[in-house]
Amino acid sequence: MATAARRTTAHPAEAASVTSPAPSTVPSAPAGPTAPVAAGLALAVLATLVWSGSFVTSRALGDSVPPVQHAFWRWVVALAVVAPFGARRAWRQRALIRRHLGFVVLASLLGVTVYNTLVNQAGVTTPAANMGMIMAASPVLMALWERAGGVRLGARRIAGLIVACAGVLLLVGGDGASFSAGDLWMIAAACCFGSYSALLRRRPEGLDGVGFLFTTFLCGTVLLLPAQGVSLAVQGGFHPTPGTVWPLLYVGVASSAVAFFAWNKAVSLIGPSRAGVVYYLQPVCVALLSWALLAEPTGWTQAGCTALILGGVVLGAGARR
């Protein structure tokens, strides 16, 4: 029996070699942005591209649709698009929304009621390219709000912001820029959008994204009702034609329902400062669209600044360092 026991008892080193798993031969995943970061960047690019078209639309409708009515019907269309997906979710979370009603109202006021109305007002007198340039200041405010909240931006993120901002400043100061009183409306709009984007980071935990979108669209539209009534009484309505209805459908469906969902999701995945760096692409897209669709002038100055902005976006949208 002792002999059998000795035969069945292995040496500790041999036991370790038997029981320990062999080193894994599966190659490790290459270093790079994680899937949520890549998705967040893609969504931020999508929202930026779609919103670029809305600046051209605001400029194109500046003479035919009063700014407040433009904003009001935009959000009515957006509500109709989002309601089948978000109304039921918002109703199920009505208790949570009621507890955080102050946050919801503030987000609606900044991102829906005021921001787009200011953009439309600016479009009456300001070229679309200038509107895109001025809006590019909003990522700076996003970064400042995030830093004030205790988030470390990192040297690479800050460098990207500086490089892209330098490109925007050179673009604004180039020979293609001619400022008007409407630019003040755009500065106010940029401040609203930057604050809205930073506020998204504080969205109550558990609040559904589509339900939140529907709630802010509904609340923002209701807040616009008094101004809509005043505009109808003072300025009168506009005549629905293909030249006014199709642009309103674009801003209601694409620039509101699609782009706001993409942007809100992007901010939740990568934060406002990194999404803000991507937003620097907007003046480039707006300048190209306004040149192609509205025949607004462009030149070598804009091309050089575009390259600088793109470099800042690539630098600042990467990992925090």
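Reading the values: the criteria
Residues numbered from 1 in each chain as written. Predicted model: local features only at pLDDT ≥ 70, side-chain atom pairs only at ≥ 80, totals over all residues. Heavy atoms only, no water. Axes fitted to C-alpha atoms, helices over the stretch in contact; angles between N-to-C directions. Helix = DSSP H or I, 4+ residues; strand = E, 2+ residues; numbered from the N terminus. Parallel < 35°, antiparallel > 145°, perpendicular 65-115°, else oblique. Left-handed = near helix turned anticlockwise from the far one by under 90°. Contact = heavy atoms within 4.5 Å. Nonpolar A, V, L, I, M, F, W, Y, C, P; charged D, E, K, R; others polar. Expected span 1.5 Å × (residues − 1). Bend = angle between axes of the 7 residues up to and from the residue. Polar contact = N/O pair within 3.5 Å; in protein donor to acceptor, adjacent residues only side chain to side chain. Core = buried A, V, L, I, M, F, W, Y, C linked by side-chain atoms within 4.5 Å. Buried < 20%, exposed > 50% of the residue type's maximum accessible area, 1.4 Å probe, protein only.

1. As for the packing of helix α6 (residues 101-122) against helix α10 (residues 182-200)
So, step 1. Where α6 contacts α10, the two axes come as close as 8 Å, and the packing angle between them is 155°. For the element pair α6 / α10, the angle class is roughly antiparallel. Crossing of α6 over α10 shows left-handed handedness. Facing Phe 103, Leu 106, Ala 107, Leu 110, Gly 111, Val 114, Tyr 115, Leu 118, Val 119, Gln 121 and Ala 122 of α6, the residues of α10 in contact are Gly 182, Trp 185, Met 186, Ala 188, Ala 189, Cys 192, Phe 193, Ser 195, Tyr 196 and Leu 199.
So, step 2. Grouping the constituent residues of the contact of α6 with α10 by class yields 17 nonpolar, four polar and no charged.

2. Some thoughts on helix α11 (residues 209-235)
So, step 1. If you check α11, its first and last C-alpha atoms are 36 Å apart, about what 27 residues at 1.5 Å a residue would give, namely 39 Å.
So, step 2. Most pronounced at Leu 225, the bend in α11 amounts to some 40°, and the proline Pro 226 follows within four residues.
So, step 3. Sitting at the head of α11, Asp 208 places a side-chain oxygen 3.0 Å from the backbone nitrogen of Val 210.

3. Let's talk about the nonpolar core
So, step 1. Among the nonpolar cores identified, the biggest contains 61 residues, and Phe 55, Tyr 115, Met 135, Phe 193, Phe 217 and Trp 263 are the most heavily contacted of them.
So, step 2. With residues up to four places along the chain from it excluded, the contact list for Trp 263 reads Ala 44, Ala 47, Thr 48, Trp 51, Met 142, Phe 193, Ser 197, Leu 200, Ala 275, Gly 276 and Tyr 279.

4. What about the environment of Val 114?
So, step 1. With respect to the helices, strands and loops of the structure, Val 114 is situated in helix α6.
So, step 2. A sequence separation of 110 residues divides Val 114 from Leu 224, and the C-alpha atoms of the two residues are 8.5 Å apart.
So, step 3. If we ignore the near neighbours within four places in the chain, the residues touching Val 114 are Leu 109 and Cys 192.

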